[in-house]
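Examining the three-dimensional arrangement
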Amino acid sequence: MSNTFGKIIKVHLFGASHDNVVGVVIEGIPAGINIIEDDFIEYINRRKGGSVGTTDRVEADNPKILTGIIDEYTTGLPITIVFENKNKNSIPYQLYKSWHRPGHADFTQKSKYGKYADIRGGGIASGRMTLPLMIAGVIASKCIPNVNAKAFIAHINGEKPDKIDWQKIRNEGDSLGGEIICILENIIAGIGEPFFDNIESYFSHLFFSIPGIKAVGFGDAWQTAFMRGSEYNDIFISNDGQTTTNHCGGIQGGITNGNAIVIHLIVRPPASIKKEQISLNFDTDELEKRKITGSHDLAFILRLPPIIEAVSLLAIADLYLYSKIYS
Ligand SMILES: Cc1cc2nc3c(=O)[nH]c(=O)nc-3n(C[C@H](O)[C@H](O)[C@H](O)COP(=O)(O)O)c2cc1C
């Protein structure tokens, strides 16, 4: 069981998709930081389902602050925030206890937790967990001055997002993945803890905790393999580390160099598709053809940009606070 992450800002996630709540405990946030609900609203709204290409499971997503914030200021004690899960239907998941969905985590969770596995709504392997994780990032971002994170969808299945015929994908009962790019600006040089907590490894650890992220690259990422040293090297032009190009994505030797951090993320297509699929029924040992029912995203990449921004801010804020103490 490993639901806790962080060096100075420690984030503990709890709950699962169809529990009464999902939530987060955040330790290490100093006293006196101003937190208002409006800080969360824009992120929550951008992450919500209900729009074209996303799930029809729409929750109110009202953050309930239980501890650690009084009259809009942090107290320095652990912050606890929960979100109620109200719009849920666990009935379809009875089937997935024996007929495990191809490509999803029903089988692996059952392999680990046996008959006690909570696979309702995907259990802990649900995009729902990214709601409290995202909020932790929003709060953490207040601990590092001026940094700005912006994530956008580079493509969905090779196409510009507005070129996708969602009705066609829905009619075909299928789903799509793609690529996100996230850029963090106003980063000072000198953040990152080589060897094991260098920027790339720390960020990747957090990104790969998000269900469905399949590859993480930095700077020119996959293109790097096709470049020569003479093309890839970034030339320094000022003594705060600014360079003419930014092929390395603002990271050298696992430490920020003062240029923007550039991250590429590959997002898979959702497993839960309406098209008929064959899977083994582990109770009967028979192969059965079935359709998956329930509420699912056609492309959860559409909901990911605010999550990626917040998770990036969490990673950089934690390493920034650490570097203030230990460098
Ligand atoms: C915001 C968000 C929403 C998601 N929605 C769905 C969904 O509706 N249906 C689905 O099959 N997977 C969805 N996923 C992905 C699954 O949670 C993920 O594929 C599953 O846990 C297996 O993990 P893996 O793909 O990393 O192996 C979503 C992920 C995120 C981050």
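See the structure shown above.
Attention in this report is confined to the structure presented alongside it. (Residues numbered from 1 in each chain as written. Predicted model: local features only at pLDDT ≥ 70, side-chain atom pairs only at ≥ 80, totals over all residues. Heavy atoms only, no water.)

Buried within helix α6 (residues 199-207) we find I199, Y202, F203, S204, L206 and F207. The distance from a side-chain oxygen at the start of α6 to the backbone nitrogen of E200 is 3.0 Å, and the residue carrying that oxygen is N198. (Buried < 20%, exposed > 50% of the residue type's maximum accessible area, 1.4 Å probe, protein only. Helix = DSSP H or I, 4+ residues; strand = E, 2+ residues; numbered from the N terminus. Polar contact = N/O pair within 3.5 Å; in protein donor to acceptor, adjacent residues only side chain to side chain.)

Attention shifts here to the sheet that holds strand β4 (residues 64-67). Strands sit in the order β1-β2-β3-β7-β4 across an open sheet of five strands; the sheet is antiparallel. Of all strands in the sheet, those bounded by a partner on one side alone are β1 (4-5) and β4. As judged from the six bridges shared by strand β3 (residues 21-27) and strand β7 (residues 79-84), these two strands associate in the antiparallel manner. Along β7, the bridge assignment pairs G23 with V82. (Pairing = 2+ DSSP bridges.)

Take the nonpolar core next. Of all hydrophobic cores here, the largest spans 73 residues; its most connected members are I9, L184, F203, I263, I308 and I316. Per-element tally for this core: the top contributor is helix α8 (residues 305-326), with 12 residues. Dropping the residues within four chain positions of it, L184 is found in contact with V147, N148, A149, F203, A260, I261, I263, S312 and I316. The next biggest cluster of nonpolar side chains, apart from the first, holds six residues, and it includes Y93, Y96, W99 and A117. (Core = buried A, V, L, I, M, F, W, Y, C linked by side-chain atoms within 4.5 Å. Contact = heavy atoms within 4.5 Å.)

Bringing the sheet that holds strand β10 (residues 213-218) into the picture now. Strand order in the open sheet made by the four strands is β8-β9-β13-β10, with antiparallel pairing throughout. The outermost strands of the open sheet, each flanked by one partner alone, are β8 (148-156) and β10. Here the average twist between neighbouring strands, direction ignored, is 20 degrees. Those strands touched by α6 are β9 (178-185), β10 and β13 (261-267), and its axis lies near 160 degrees from that of β10. (Axes fitted to C-alpha atoms, helices over the stretch in contact; angles between N-to-C directions.)

As a matter of local geometry, the ligand sits amid 16 residues, with A125, G212, R268, S272 and D297 nearest to it. A distance of 3.5 Å is found between an oxygen atom of the ligand and a side-chain nitrogen or oxygen belonging to H104. Against a free-state accessible area of 620 Å², the protein chains account for coverage of 88% of the ligand. Taken together, the residues of the shell around the ligand break down into six nonpolar, six polar and four charged. (Near = heavy atom within 4 Å. Areas by Shrake-Rupley, 256 points an atom, 1.4 Å probe, with all protein chains shown as cover. Nonpolar A, V, L, I, M, F, W, Y, C, P; charged D, E, K, R; others polar.)

Okay, the packing of aromatic side chains next. Using the criterion set out here, one finds seven aromatic pairs in the structure. Judged by centre distance (5.3 Å) and plane angle (90 degrees), the rings of Y93 and Y96 are edge-to-face. Of this pair, Y93 and Y96 are both found in helix α2 (residues 92-96), three residues apart, which corresponds to roughly one turn of the helix. One exposure class covers both Y93 and Y96, and it is buried. Residues Y96 and W99 carry aromatic rings whose centres are separated by 6.4 Å and whose planes lie at 45 degrees to one another, so their mutual orientation is tilted. By relative accessible area, which is 1% here, Y96 ends up buried. A residue is classified by how much of its surface remains accessible, and W99, at 0% relative accessible area, is buried. Positioned above the aromatic ring of Y322 is the side chain of K7, whose terminal nitrogen or guanidinium carbon lies 4.3 Å from the ring centre. (Phe/Tyr/Trp six-rings, centres within 6.5 Å; stacked < 30°, edge-to-face > 60°. Lys NZ or Arg CZ within 6 Å of the ring centre and 35° of its normal.)

Here the focus is the pairing of strand β14 (residues 277-281). Note: β14 against strand β15 (residues 286-290), five bridges, orientation antiparallel. Bridge pairing in β15 links Q277 to R290. Joining the antiparallel neighbours β14 and β15 is a turn of four residues, in which D285 adopts a positive phi near 65 degrees.

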